[in-house]
Amino acid sequence: MLSKKPWIVPIPGTRHLCSLKENAGAADIRLSHEEVDNIDRTLDRMPISEVFCGSRILETGRQN
């Protein structure tokens, strides 16, 4: 998410110090536009959990 837009700020939650350190280290990772696009394409092919209503927001703003 940090590579998407400069105003997007993920707020990770954690219960363990080791996870907090890992989350903080993510700020040092830099992804190319190609890497972000590859991740997005992969995520688009994955089914969404029913927890999130199983709906996907399309680029046109419609949900399927």
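Here the structure is shown first, and the text comes after it.
Residues numbered from 1 in each chain as written. Predicted model: local features only at pLDDT ≥ 70, side-chain atom pairs only at ≥ 80, totals over all residues. Heavy atoms only, no water.

Engineer: How should I be thinking about the overall build of the protein chain in this particular structure?
Structural biologist: The secondary structure content of the protein chain amounts to two helices and zero strands. Going through the 64 residues of the protein chain one by one, you find that 2% of them count as buried. Element-wise, carbon and sulfur atoms account for 58% of the exposed surface of the protein chain, whose accessible area totals about 6200 Å². (Helix = DSSP H or I, 4+ residues; strand = E, 2+ residues; numbered from the N terminus. Buried < 20%, exposed > 50% of the residue type's maximum accessible area, 1.4 Å probe, protein only. Areas by Shrake-Rupley, 256 points an atom, 1.4 Å probe, with all protein chains shown as cover.)

Engineer: Got a minute to help me understand the environment of Ser-32 in this structure?
Structural biologist: By the secondary structure assignment, Ser-32 is in the loop between α1 (17-25) and α2 (33-44). Taking the relative accessible area as the measure of exposure, Ser-32 reaches 35% and is therefore partly exposed. Here the alpha-carbon distance between Ser-32 and Ser-3, two residues 29 residues apart in the chain, equals 8.2 Å.

Engineer: Looking at this structure, I do not really get the environment of Leu-31. What am I missing?
Structural biologist: Note that Leu-31 resides in the loop between α1 and α2. Since its relative accessible area comes to 36%, Leu-31 is described here as partly exposed. Distance in space between the C-alpha atoms of Leu-31 and Leu-2 is 9.1 Å, their sequence separation being 29 residues. Sequence-distant contacts of Leu-31, defined by excluding residues within four places in its chain, comprise Ser-3, Val-36 and Ile-39. (Contact = heavy atoms within 4.5 Å.)

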